[in-house]
Amino acid sequence: MKKTLSLRDVNMILVVVGLILLVATYFLVFRSFSEKNAELDTQYTERTAHLKELQGYYDNLKTYEKGTSDGKVNISKNLSRLPRGINSEDFLVYIMDSTDKVQAELNSVSFNESSEISTFSTVVDGKKQECKGYQMSASFNAQMNYAQLKNYLDFVYNQSENVTFVDSFVVSYNAENAKLNTTFGLSKYFITYDGSEYIPVPVPDVPIGVSDPFRTR
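Residues numbered from 1 in each chain as written. Predicted model: local features only at pLDDT ≥ 70, side-chain atom pairs only at ≥ 80, totals over all residues. Heavy atoms only, no water.

Another aspect to go through is the overall build of the protein. Per the secondary structure count, the protein includes 4 helices and 5 strands. Scanning the protein from its N terminus toward the C terminus, one meets helices and strands in the order α-α-α-β-β-β-α-β-β. Classification of the 217 residues of the protein by burial places 23% in the buried group. By sequence separation, contacts in the protein at least 24 residues apart represent 68% of the contacts at least 6 residues apart. Of the roughly 16,500 Å² of accessible surface on the protein, 56% is carried by carbon and sulfur atoms. (Helix = DSSP H or I, 4+ residues; strand = E, 2+ residues; numbered from the N terminus. Buried < 20%, exposed > 50% of the residue type's maximum accessible area, 1.4 Å probe, protein only. Contact = heavy atoms within 4.5 Å. Areas by Shrake-Rupley, 256 points an atom, 1.4 Å probe, with all protein chains shown as cover.)

Here's what the structure looks like:
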């Protein structure tokens, strides 16, 4: 015997199928879109914040450009005071010139080997360079008066072309000639990097003996 569904049963089945399709649509479509919308909202928030940051950079672009330009000038200025090498002859010339500048009487000089003190990155001639910094120290003994002592300290810190520091100095009074016996400890600094070139300080000629010992001229 063939059984037919009543209209009520058909409607019930359609309602159940519709509910199933609705739930399936929610889980398969609506929820997926909700997750994508949440992800897009997060991206939008992040990119809006990034855009505001970039806008701030752009609004201050001239300030940044000026700061960059000033920074390069300062780096170049400071690097110009750091030679690409120093040896004992260079240091001796400096000590002789500096004591002669204040008219002090130089008695003796001694030197220490240079030592590496730092490594750092900087910009040299518009190119990033990995640099090594070195310190070289020397000491000397000289006689000078009080005014010459003050002038010497001023020369080291305010008139020296290259970076120079007084590490120590000892002063004692010589009653016999009313002069000060001074012992100075000085340090100079230099850098090296790939392609750097050491340029020695010109050493003045020192006449020794006579040019023609047989006087044939």
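Our next topic: the pairing of strand E3 (residues 127-144). Relative to E3, strand E1 (residues 105-111) runs antiparallel, the two being bridged by 6 bridges. By the bridge assignment for E3, Val 109 is matched with Phe 140. Strand direction decides the pairing type here: strand E2 (residues 115-124) and E3, joined by 9 bridges, are antiparallel. Paired with Phe 120 across the bridge in E3 is Cys 131. Adjacent in sequence and paired antiparallel, E2 and E3 are bridged by 2 residues, among which Asp 125 carries a positive phi angle near 55 degrees. Pairing of E3 with strand E5 (residues 179-192), which is carried by 13 bridges, proceeds in the antiparallel orientation. Directly across from Gln 143, in E5, lies its bridge partner Asn 181. (Pairing = 2+ DSSP bridges.)

This paragraph deals with the nonpolar core. A general trend in soluble globular proteins is that nonpolar side chains are found buried together. One finds Phe 91, Tyr 94, Ile 95, Phe 140, Tyr 152, Phe 184 and Leu 186 to be the most contacted residues of the largest nonpolar core, which totals 21 residues. A total of 6 residues in this core trace back to one element, the largest contributor, which is E3. Residue contacts for Tyr 152: discarding those within four places in its chain leaves Tyr 94, Ser 98, Thr 99, Val 102, Phe 140, Phe 184 and Leu 186. Core analysis: the second largest hydrophobic core is formed by 8 residues, Leu 82, Cys 131, Tyr 189 and Ile 191 among them. (Core = buried A, V, L, I, M, F, W, Y, C linked by side-chain atoms within 4.5 Å.)

Here we take up helix H3 (residues 88-101). Over its 14 residues, H3 extends 20 Å from the first C-alpha to the last, a length consistent with the 20 Å expected when each residue adds 1.5 Å. Of the positions making up H3, those classed as buried are Asp 90, Phe 91, Val 93, Tyr 94, Ile 95, Ser 98 and Thr 99. For H3, the elements touching its buried residues are E1, E3, helix H4 (146-159), strand E4 (164-174) and E5. Capping of H3 at its N-terminal end is provided by Asn 87; its side-chain oxygen lies 3.1 Å from the backbone amide nitrogen of Glu 89. Downstream of H3 by a residue or two, Gln 103 has a phi angle that is positive, lying close to 60 degrees. (Expected span 1.5 Å × (residues − 1). Polar contact = N/O pair within 3.5 Å; in protein donor to acceptor, adjacent residues only side chain to side chain.)

Glycine aside, residues mostly have negative phi, and peptide bonds are mostly found in the trans state. A positive phi angle is found at Gln 103, which is not glycine, with a value near 60 degrees. Residue position: Gln 103 is located in the loop between H3 and E1.

Another point: the packing of aromatic side chains. In total, this model carries 10 aromatic pairs according to the counting rule given. Where Phe 91 meets Tyr 94, the ring centres are 6.5 Å apart and the plane angle is 65 degrees; that geometry is what we call edge-to-face. Here Tyr 94 and Phe 91 lie together in helix H3, a separation of 3 residues that amounts to about one turn. Each of the two residues, Phe 91 as well as Tyr 94, counts as buried. With a centroid separation of 6.1 Å and an interplanar angle of 65 degrees, the aromatic rings of Tyr 157 and Phe 165 are classed as edge-to-face. (Phe/Tyr/Trp six-rings, centres within 6.5 Å; stacked < 30°, edge-to-face > 60°.)

Don't take any of this as a statement about function, it's just geometry.
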